[in-house]
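Chain by chain, the residues run as shown.
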Protein chains: 2
Amino acid sequence: MTLIECVPNFSEGRRVEIVDEVVATIAAVDGVAMLDRQSDAVHNRSVITFAGQDAAVAEGAFRGVQVAARLIDLTKHEGAHPRMGAADVVPFVPLKAEDMPACIAVAHAVGARVARELGVPVFFYEEAARREERRNLAAVREGQFEGLREAIRTDAARAPDEGDPAVHPTAGATAVGARAALIAYNIDLASRDLGLARDIARSIRERDGGLPKVKALGLALDDCVQVSMNLTDYRVTSMQAVYAAVQVRAVQAGVEIRRSEVVGLVPQDALVALTRAALKATDFSVAQVLEARILETLV
Amino acid sequence: MTLIECVPNFSEGRRVEIVDEVVATIAAVDGVAMLDRQSDAVHNRSVITFAGQDAAVAEGAFRGVQVAARLIDLTKHEGAHPRMGAADVVPFVPLKAEDMPACIAVAHAVGARVARELGVPVFFYEEAARREERRNLAAVREGQFEGLREAIRTDAARAPDEGDPAVHPTAGATAVGARAALIAYNIDLASRDLGLARDIARSIRERDGGLPKVKALGLALDDCVQVSMNLTDYRVTSMQAVYAAVQVRAVQAGVEIRRSEVVGLVPQDALVALTRAALKATDFSVAQVLEARILETLV
């Protein structure tokens, strides 16, 4: 059994009836668990989260792209967020670290089907990238819909991975990818020293030579300061690893960690990894979690 | 949604075809996830583990008791383990701490149905006990099948909670209960000093004034010693609490914890509790675990 998640972004965040139809189309697929939807009017963009067995999620993703291509017209789209397609990005996310290859396979299969059946060219990104330079989504989307219309035809370096080198006239192009689950994780310090939070953020984030797969900012809250983080691959740097790193630096400054906060959803696998580390329980596995066994049997 | 587990013990551990039929009968109930079965020939007893939504688990438990009452004859049963019924004990276990009341309700409903439809008298034990002195299963089962045949008729204190004061002629009586999930948890010390493991076990177990809901023994393994534990209510004493307690005592003796080991299955809730403690993530909840959300949507 391979449980995966899909978090597609669609270029519509204002007309709720269109987002409703995309959500309903995906949710109608047997075996799809619809988990979340978020629309942003300024970005004019919606993020939908669903999960299930790989085959069900693949079907849901395809149908979502299909209905978006029918309902969303990029030639009339404006919004603050960069975009190149009606279904702009379609990342598949493994719920267990070892299922990344399955997610890459699903990305490639769905991408090929989108190009073949819908006439929307597809670029593969992050772990599903077929060219190293396409791992980075920003590079794939450079110039956005308007710029890509020309570049995809004239620049061989911008030719799609699947489909003809021409954007769909209204649905543009879609980036299909595979990536690790992202964990949004914040640590509050028992201090109002924003400089300290910023210093710690700088010292632990990858951009400044800190921990790999960690993005971090220092923020001031009402009554304390916070190190606000995105862990883009908990297999590489886990919640307990950043907790320990922040703790060391806080203690050096004579400050305690007040609390920490997991924002949104995390895969069970991240908790199993934390249990292994916290208890030196090196052999502990997801297969020992009752709910994982129930999922395996009933879903 | 109320996911619960049931871990009935049946008085047959030698004739595999009978255990097969009990397992198949339970597994045939729609929505039941069959998780484990263990038979012991010396005990002449089998332990079956299944889970699902409360209604499905209640139906599975009833049908299991029904088929056991038909196939197992206590007048011909012998084995090392105390027993009083074909279906000897039927405990319901919540997967989330807050669902204990639901498990007690299921125990009472299934117990009433067993007495009414099968003519097997029922005693409620542990958290489902209706008399304080019946919390303890050993007290309920005193005298076993052979002794209870007489006592149930003549001693008002031994009258069942459901059904007539007479054992079923071949199926005996059944104890139906509710209890917290039991976690079997072992900690290996980097030492061959069995005395130390026994001292630590003694100092942390409830029986000798240690941590509540902890049973512990010191054992010698091939290359080290082990503190082997049963945590009978992880809500009261968690894995990380016993880990910390063992660590303090080991360090005092100049010994390190080598590793620890979770034996068998644990509910996700126990990992969420550990995450809260390890990261001071006080607001973290099961609802934030992706797999829990999928279960809620699809099961």
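Residues numbered from 1 in each chain as written. Chains lettered and ligands numbered in written order. Predicted model: local features only at pLDDT ≥ 70, side-chain atom pairs only at ≥ 80, totals over all residues.

### So, the overall build of chain A
Keep this limit in mind: Helix and strand definitions here come from DSSP, where helices need a minimum of 4 consecutive H or I residues and strands a minimum of 2 consecutive E residues; each element is numbered from the N-terminal end. For the radius of gyration, the atoms used are the C-alpha atoms, and the globule rule reads 2.2 Å times the number of residues raised to 0.38. Burial is judged by counting other C-beta atoms within 10 Å of a residue's own C-beta: 20 or more means buried, 12 or fewer means exposed, and anything between counts as partly exposed, with every C-beta placed from the backbone. It is the C-beta atoms, placed from the backbone, that decide contacts: two residues are in contact if theirs lie within 7 Å.
The helix and strand tally for chain A stands at 9 helices and 11 strands. For a compact globule of 299 residues, the expected C-alpha radius of gyration is about 19 Å, and chain A comes in at 21 Å, within 12% of that figure. Projected onto the principal axes, the alpha-carbon positions of chain A cover approximately 60 × 45 × 35 Å. Out of the 299 residues in chain A, the part that is buried amounts to 51%. Considering only contacts in chain A between residues 6 or more positions apart, those separated by 24 or more positions represent 69%.

### Some points on the pairing of strand E1 (residues 3-6) of chain B
All names here are of chain B. Applied cut-off: Strand pairing is defined by DSSP finding a minimum of two bridges between the two strands.
Burial along E1 is two-sided: Leu3 and Glu5 facing one way and Ile4 and Cys6 facing the other are all buried. In this sheet, strand E4 (residues 45-53) lies alongside E1 in antiparallel orientation, the contact comprising 4 bridges. Counted as the bridge partner of Leu3 is Gln53 from E4.

### Things to note about the interface of chain A and chain B
Rule in force here: All amino acids are sorted into three groups, where Ala, Val, Leu, Ile, Met, Phe, Trp, Tyr, Cys and Pro are nonpolar, Asp, Glu, Lys and Arg are charged, and the leftover types, Gly among them, are polar.
Of the residues lining the interface, 44 residues belong to chain A; the matching set on chain B comes to 43 residues. Breaking the side of chain A that touches chain B down by element, the ones donating at least two residues are strand E1 (3-6), strand E3 (33-40), strand E4 (45-53), helix H7 (239-252), strand E11 (257-263), helix H8 (268-279) and helix H9 (290-298) of chain A. The element best represented in the side of chain A that touches chain B is H9(A), accounting for 8 residues. Residues of the side of chain A that touches chain B, tallied by class, amount to 27 nonpolar, 10 polar and 7 charged.

### What about the relation of the copies chain A and chain B?
One copy of the chain maps onto the other through a rotation about an axis plus a displacement along that axis. Our working rule: In superposing the copies, a least-squares fit is computed on C-alpha atoms, taking residues whose pLDDT is at least 70 in both.
Structural alignment of chain A on chain B gives an RMSD of 0.1 Å, achieved by rotating through 180° and translating 0.1 Å along the axis. Taken together, the rotation and translation describe the operation of a two-fold axis. Comparing interface residues between copies, 98% of those in chain A also lie at the interface in chain B; the contact surface is shared.

### A short note on the sheet that holds E11(A)
Residue and element names in this part refer to chain A. As a reminder, the rule being used: Fitting a line to C-alpha atoms yields each axis, with helices limited to the stretch in contact; the angle taken between N-to-C directions then spans 0 to 180 degrees.
Ordered by their spatial adjacency, 4 strands build an open sheet running E9-E10-E8-E11, and the pairing between neighbours is antiparallel. At either end of the open sheet lies a strand with only one pairing partner, and these are strand E9 (214-220) and E11. Strand-to-strand twist across the sheet, computed as the mean angle between neighbouring axes with direction ignored, equals 20°. Note: strand E8 (residues 183-189) against E11, 6 bridges, orientation antiparallel. Within E11, the residue paired with Leu189 across the bridge is Ile257. Contacts from H7 reach E8, E9, strand E10 (225-231) and E11 within the one sheet, and its direction differs from that of E8 by about 20°.

### Some points on the environment of A:Arg116
Position of A:Arg116 among the secondary structure elements: in helix H3 (residues 100-118). Residue A:Arg116 is classed as exposed on the basis of its 12 C-beta neighbours within 10 Å.

### As for unusual backbone geometry
All names here are of chain A. Look at Glu126: it is not a glycine, yet its phi comes out positive at around 45°. Relative to the helices and strands, Glu126 is located in strand E6 (residues 122-126). Taking the C-beta count within 10 Å as the criterion, Glu126 has 23 such neighbours and is therefore assigned buried.

### Observations regarding the domain arrangement of chain A
We apply this condition: These domain limits were set by an automatic method or by a database of domain assignments.
If you check the domain split of chain A, you get domain 1 (3-178) and domain 2 (183-266). The distance between the C-alpha centroids of domain 1 of chain A and domain 2 of chain A comes to 31 Å.

### A closer look at the environment of B:Arg15
Within the element layout of this structure, B:Arg15 appears in the loop between strand E2 (9-10) and helix H1 (16-27). Taking the C-alpha atoms as reference, B:Arg15 lies 35 Å from B:Val227; in sequence the two are 212 residues apart.

### Topic: the pairing of E9(A)
Residue and element names in this part refer to chain A. Pairing geometry for E9 and E10, over 7 bridges, is antiparallel. Its bridge partner being in E10, Ala220 is matched across the sheet by Val225. Connecting the antiparallel pair E9 and E10 is a turn made up of 4 residues.

### Brief notes about the sheet that holds strand E8 (residues 183-189) of chain B
Residues and elements named next belong to chain B. Reading across from one edge, E9-E10-E8-E11 is the order of the 4 strands in this open sheet, with antiparallel pairing throughout. If you trace the sheet from one side to the other, it starts and ends with strand E9 (214-220) and strand E11 (257-263), each paired once. Here the strands of the sheet are splayed against their neighbours by 20° on average, with no regard to which way each runs. Where helix H6 (residues 194-204) meets the sheet, it contacts E8, E9 and strand E10 (225-231), and its direction lies at approximately 175° from that of E9.

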